[in-house]
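Per-entry structural report
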Amino acid sequence: IGRMALSTPRICCLDLDTFFVSVERLLDPSLNGKPVIVGGHPGQRGVVTAASYEVRALGVRAGMSLTQASQLAPHAVYLPTRHGVYGDYAERVRELAQGYTPLSQVASIDEMFLDFSGCESLYHKPGDASADATVERTVRQLTDEIQARIGLPASAGIATSRSVAKVASALAKPRGVLLVAAGTEAALLGPLPVRKFPGIGPVAERKLHALGLTTLGDVAAAPSRTLSRVFGAWTHSIQRGCRGQGVHELSRERPAFQEHDPAGLHLGSISNERTFREDVRDPDCIAAMLCSLCERVCYRARKRGVRARTVTLKLRYADFQTLNRSRSITPTSSELELFPVVYELFRRARTRRRAIRLLGVALSNLGPYDAQLRLFEDDGEALHGAIDALRKRFGYESMQLALSAVRKREG
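Quick summary incoming for the structure in this document. Nothing here was measured: the structure is a model prediction, and the numbers come from that model.

**Things to note about the sheet that holds strand β9 (residues 270–280)**
Overall, antiparallel pairing links the 4 strands, which are arranged β9-β12-β10-β11 in an open sheet. A strand with exactly one partner marks an edge of an open sheet, and here the two such strands are β9 and β11 (322–332). Sheet twist, expressed as the average angle between the axes of neighbouring strands with direction ignored, equals 15°. The sheet contact formed by β9 and strand β12 (residues 356–368) spans 7 bridges and is antiparallel. Along β12, the bridge assignment pairs Glu-273 with Gly-360. Here helix α15 (residues 335–349) sits on the sheet in contact with β10 (306–317), β11 and β12, set at roughly 150° to β11.

Structural data, given as structure tokens:
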């Protein structure tokens, strides 16, 4: 392969296509080919968790209200979200993918990054025309194996940086693999709409359009002082990313999902939120939901091997006024430590008597789990380890704090 080839960064973004829908179809093959929406039933409050390609063509997107989705796709199959099921399939995919390269990082339940830099010689075959060809063939082999062994479709993007690899994985859908050769990043990114870049959301998009910037090429060429009105301190990182000059390596000390966080979008976060079926005033029901959300995000943090230094509460009133309140905390992945902080944030944030429509909890400023030897056993860590082991075997809902059980009153 040669020394120059080995020095070229090759980051793969592996993305499971319509993950929740794909798992549901795996469990019920009669759903194959049908328009499917996961998240709830028409008429229920809440949002779309996942949408099949058949309903995406009708304009349905994740995060859209179920009411709006039912208007666009009234004949779709609507399914409730089964949180205890999807994690097991994601874990099987991760275990398989991690056998391909020694360095990988989880970005979300349906996405992870793999670093093939320096691994080309391990997979090289005589018919491969280049190191790029070796890596592309190997990644195709990985996606084929995920389909054959687990039954889930996946797409992948390969590039010299994480951000370009993520863009490429989106362009490769469904079930494709796209390699962006070194030196071609700007040509690929330039014509794309600004929303195609990770971290540029609808708010930033509107601001960029107001400045006459509609493509990633426009952003790459714009004066930094102009972009600073939109991205502030993240201007340099975003502009370099739009030029194809993002972060070129994975690091165990820096999770892949913390590459940048423009406009406070919490890309490096773990979050869960719930919309009540009916607006709620009952303090016990509210406390139970907050406890349940703390359990959920902490469980996910422990599975990733990270602790959070910042917690954010999201509160939405019945009239849709939405508040976010954050606090720095001692690094933790324990719901027993997190819940009192979150409940205090809620107590201070709720200044109106109006009923509550939605609650959410997010962990951010994530760092590796720096476990160290202790003179005495840490009872909290032992407890969480036992609970997580039971959940892995019997499903997430098999264990929960007593207070969380009260949330079943709201459905």
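**Side note on the packing of helix α12 (residues 224–231) against helix α13 (residues 235–242)**
The geometry of α12 relative to α13 is characterised by a closest axis approach of 9 Å and an angle of 110° between their N-to-C directions. When the axis of α12 is compared with that of α13, the two are roughly perpendicular. α13 is crossed by α12, and the crossing has right-handed handedness. Only Thr-235, Ile-238 and Gln-239 of α13 make contact with α12, whose side of the interface consists of Ser-224, Leu-227, Ser-228 and Phe-231. Grouping the amino acids of the contact of α12 with α13 by side-chain chemistry returns 3 nonpolar, 4 polar and no charged.

**Re the environment of Arg-302**
By the secondary structure assignment, Arg-302 is in helix α14 (residues 283–304). Residue class for Arg-302 comes out buried when judged on its relative accessible area of 17%. A sequence separation of 66 residues divides Arg-302 from Pro-368, and the C-alpha atoms of the two residues are 9.9 Å apart.

**Regarding unusual backbone geometry**
Between Lys-173 and the following residue, Pro-174, the backbone shows a cis peptide bond with an omega angle of -5°. Tracing the sequence through the fold places Pro-174 in the loop between α8 (162–172) and β8 (177–179). Of note, Thr-18 is a non-glycine position whose phi angle comes to about 35°, a positive value. One can find Thr-18 in the loop between β1 (11–16) and α2 (19–27). Its identity is not glycine, yet Arg-175 carries a phi of approximately 55°, on the positive side. Tracing the backbone through its elements, the reader meets Arg-175 in the loop between α8 and β8.

Analysis parameters
Residues numbered from 1 in each chain as written. Predicted model: local features only at pLDDT ≥ 70, side-chain atom pairs only at ≥ 80, totals over all residues. Heavy atoms only, no water. Pairing = 2+ DSSP bridges. Helix = DSSP H or I, 4+ residues; strand = E, 2+ residues; numbered from the N terminus. Axes fitted to C-alpha atoms, helices over the stretch in contact; angles between N-to-C directions. Contact = heavy atoms within 4.5 Å. Parallel < 35°, antiparallel > 145°, perpendicular 65-115°, else oblique. Left-handed = near helix turned anticlockwise from the far one by under 90°. Nonpolar A, V, L, I, M, F, W, Y, C, P; charged D, E, K, R; others polar. Buried < 20%, exposed > 50% of the residue type's maximum accessible area, 1.4 Å probe, protein only.

Purely geometric stuff here, so don't read any function into it on its own.
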